[in-house]
Amino acid sequence: IGLTTIEFQTKTQCKLPGHFAAQNVDTRIFAPVAGIAKPEPIIRQKINIDNNGNPQGFAPKLEANRNYALLLKSPASLARKVDFKAEGGTTILDPIFLLSGDISPATLPDGKINALDKSELIRQWSLVKDVARTGDFNGDNRINSIDYSCMRANFNAIDEVYTPPTSSQVLNPDASASPSPSPSP
């Protein structure tokens, strides 16, 4: 069995290039197996993303010529899913765009951008600099209308989730395996 790995880059909506850093990004990889209603990921790891959007310390060993799903959930963003086929060598995925706005409830965001998140953003609203709050989506150390615009663009959006394939999808590994559509940051 040939092994391979993946490379990817993230871009967080509303952040300027060179400012994409994130800590404690929940990273999961699923391998399709038909008939399992609630599959567990084959890889689950908390990783850090550097300022350029590159994951640090993440080089999973994957079986070549097999389909997988990568699921990323960064703090204050929605989970994004990318379906891909691991090729020989290193499989390079298209950039993954993380949508900003999932900040409520504060202890464990609910995977939706809705009125609860808007209420939390309004609670954090401040024009005072040097404020480290979850609603500062663009990283300017302020909570203001720019952050509200970032959240508003994603209002009513929800986390993407891994859905197990049907038997026919597993039997046909060359079925469409492409990244889910992502808006520009």
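Residues numbered from 1 in each chain as written. Predicted model: local features only at pLDDT ≥ 70, side-chain atom pairs only at ≥ 80, totals over all residues. Heavy atoms only, no water.

Enquirer: I'm lost on helix α1 (residues 115-124) in this one. Help?
Expert: Three or four residues apart is the spacing at which side chains of an α-helix point the same way, because the helix has 3.6 residues per turn. Taken together, the buried positions of α1 are occupied by Asp117, Glu120, Leu121 and Gln124. Viewed along the axis of α1, the buried residues span an arc of 100 degrees, placing them on a single side of the element. More than 90 degrees from the buried face of α1, the exposed residues found are Ile122 and Arg123. Buried positions along α1 lie against β12 (100-102) and α2 (145-152). For α1, the N-terminal cap is Asn114; the gap from its side-chain oxygen to the backbone nitrogen of Leu116 is 3.1 Å. (Buried < 20%, exposed > 50% of the residue type's maximum accessible area, 1.4 Å probe, protein only. Helix = DSSP H or I, 4+ residues; strand = E, 2+ residues; numbered from the N terminus. Arc of directions from axis to C-beta. Contact = heavy atoms within 4.5 Å. Polar contact = N/O pair within 3.5 Å; in protein donor to acceptor, adjacent residues only side chain to side chain.)

Enquirer: Looking at this structure, how should I read unusual backbone geometry?
Expert: Across residues other than glycine, the phi torsion is negative in most instances, and most of the peptide bonds are trans. Omega for the peptide link from Ser104 to Pro105 comes to -5 degrees, which places this bond in the cis form. Among the structural elements, Pro105 can be located in the loop between β12 and α1. Despite not being glycine, Ala76 shows a phi value in the positive range, around 70 degrees. Tracing the backbone through its elements, the reader meets Ala76 in strand β8 (residues 76-77). The exposure class assigned to Ala76 is buried, which follows from its relative accessible area of 18%. Positive phi, close to 65 degrees, is recorded for Asn141, a residue that is not glycine. Residue classification places Asn141 among the partly exposed positions, given a relative accessible area of 34%.

Enquirer: Would you mind showing me how to read the environment of Ala157 here?
Expert: Here Ala157 lies in the loop between α2 and α3 (167-171). A C-alpha to C-alpha distance of 5.9 Å links Ala157 and Lys112, two positions 45 residues apart in sequence. Ignoring anything within four residues of it in the chain, the contact list for Ala157 reads Leu78, Gly111, Lys112 and Ile113.

Enquirer: Even after reading the chapter, I still don't get α2, so can you show me in this structure?
Expert: Buried residues of α2: Asp147, Cys150 and Met151, and no others. Buried residues along α2 cover an arc of 95 degrees about the axis, so they all sit on one side. In this structure Asn144 caps α2, since a side-chain oxygen of it lies 3.1 Å from the backbone nitrogen of Ile146.

Enquirer: I would appreciate a short explanation of the packing of aromatic side chains in the present structure.
Expert: The relative placement of two aromatic rings is captured by the distance of their centres and the angle of their planes. Using the criterion set out here, one finds three aromatic pairs in the structure. An angle of 70 degrees between the planes, with centres 6.1 Å apart, marks the rings of Phe8 and Phe58 as edge-to-face. With a gap of 50 residues between them, Phe8 in the loop between β1 (3-7) and β2 (10-12) and Phe58 in the loop between β5 (55-56) and β6 (62-63) connect regions that are remote in the sequence. Across this residue pair, the class does not change: Phe8 and Phe58 are buried. Look at Tyr68 and Phe84: their rings are 5.7 Å apart centre to centre, the planes differ by 25 degrees, and that puts the pair in the stacked class. With Tyr68 in strand β7 (residues 66-73) and Phe84 in strand β9 (residues 80-86), this pair connects stretches of sequence that are 16 residues apart. Phe84 carries the same exposure label as Tyr68, and that label is buried. (Phe/Tyr/Trp six-rings, centres within 6.5 Å; stacked < 30°, edge-to-face > 60°.)

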